[in-house]
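One-letter residues, chain by chain:
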Amino acid sequence: MTTLSCDFGFKVEEENRYEVEAKMWHHAIHDHADMLKSMTIEQLTQWLMGKDKQLGDSLAIHQEVEFAASPNRIYEVLTDAAQFSKVSGGAPTEITPEAGGSFSCFGGMIVAP
Ligand SMILES: [Zn+2]
């Protein structure tokens, strides 16, 4: 479900985020035309950023995991094929340790050319 609301109490809630955006634009143009015409580019930018934040809040999944290890240790495990394979349950792993290098993790389910 995606929700958008304006500062004047108008609220749209639908499954389809594009329908939500379309209804919000329709509302803004029809009911806030004079205000929109009087707004500067800077004010419109702020408004659009607020709209994106609302959409982001309703769509994003945010997850944080804490590891009892140093950042260097985590980096080492993520860039070493044998260690990565071990922490991913023995799944076949290929990792080119250089920046931008290719990799194949979880038995080829996640790959980069
Ligand atoms: Zn409104």
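Residues numbered from 1 in each chain as written. Predicted model: local features only at pLDDT ≥ 70, side-chain atom pairs only at ≥ 80, totals over all residues.

Kindly report on the domain arrangement of the protein, identifying the contributing residues and their values.
In terms of domain boundaries, the protein breaks down into domain 1 (2-59) and domain 2 (71-112). A separation of 42 Å is found between the C-alpha centroids of domain 1 and domain 2. (Domains from an automatic or database assignment.)

Give a description of the sheet that holds strand β3 (residues 94-95) that names residues and reports values.
An order of β3-β4-β5 is seen for the three strands of this open sheet, with the pairing classed as antiparallel. Each edge of the sheet is formed by a strand with only one pairing partner; in this case those strands are β3 and β5 (110-112). (Pairing = 2+ DSSP bridges. Helix = DSSP H or I, 4+ residues; strand = E, 2+ residues; numbered from the N terminus.)

Help me get a handle on unusual backbone geometry, residues and values and all.
Within the chain, Phe106 stands out as a residue other than glycine whose phi angle is a positive 55°. Structurally, Phe106 can be placed in the loop between β4 (103-105) and β5.

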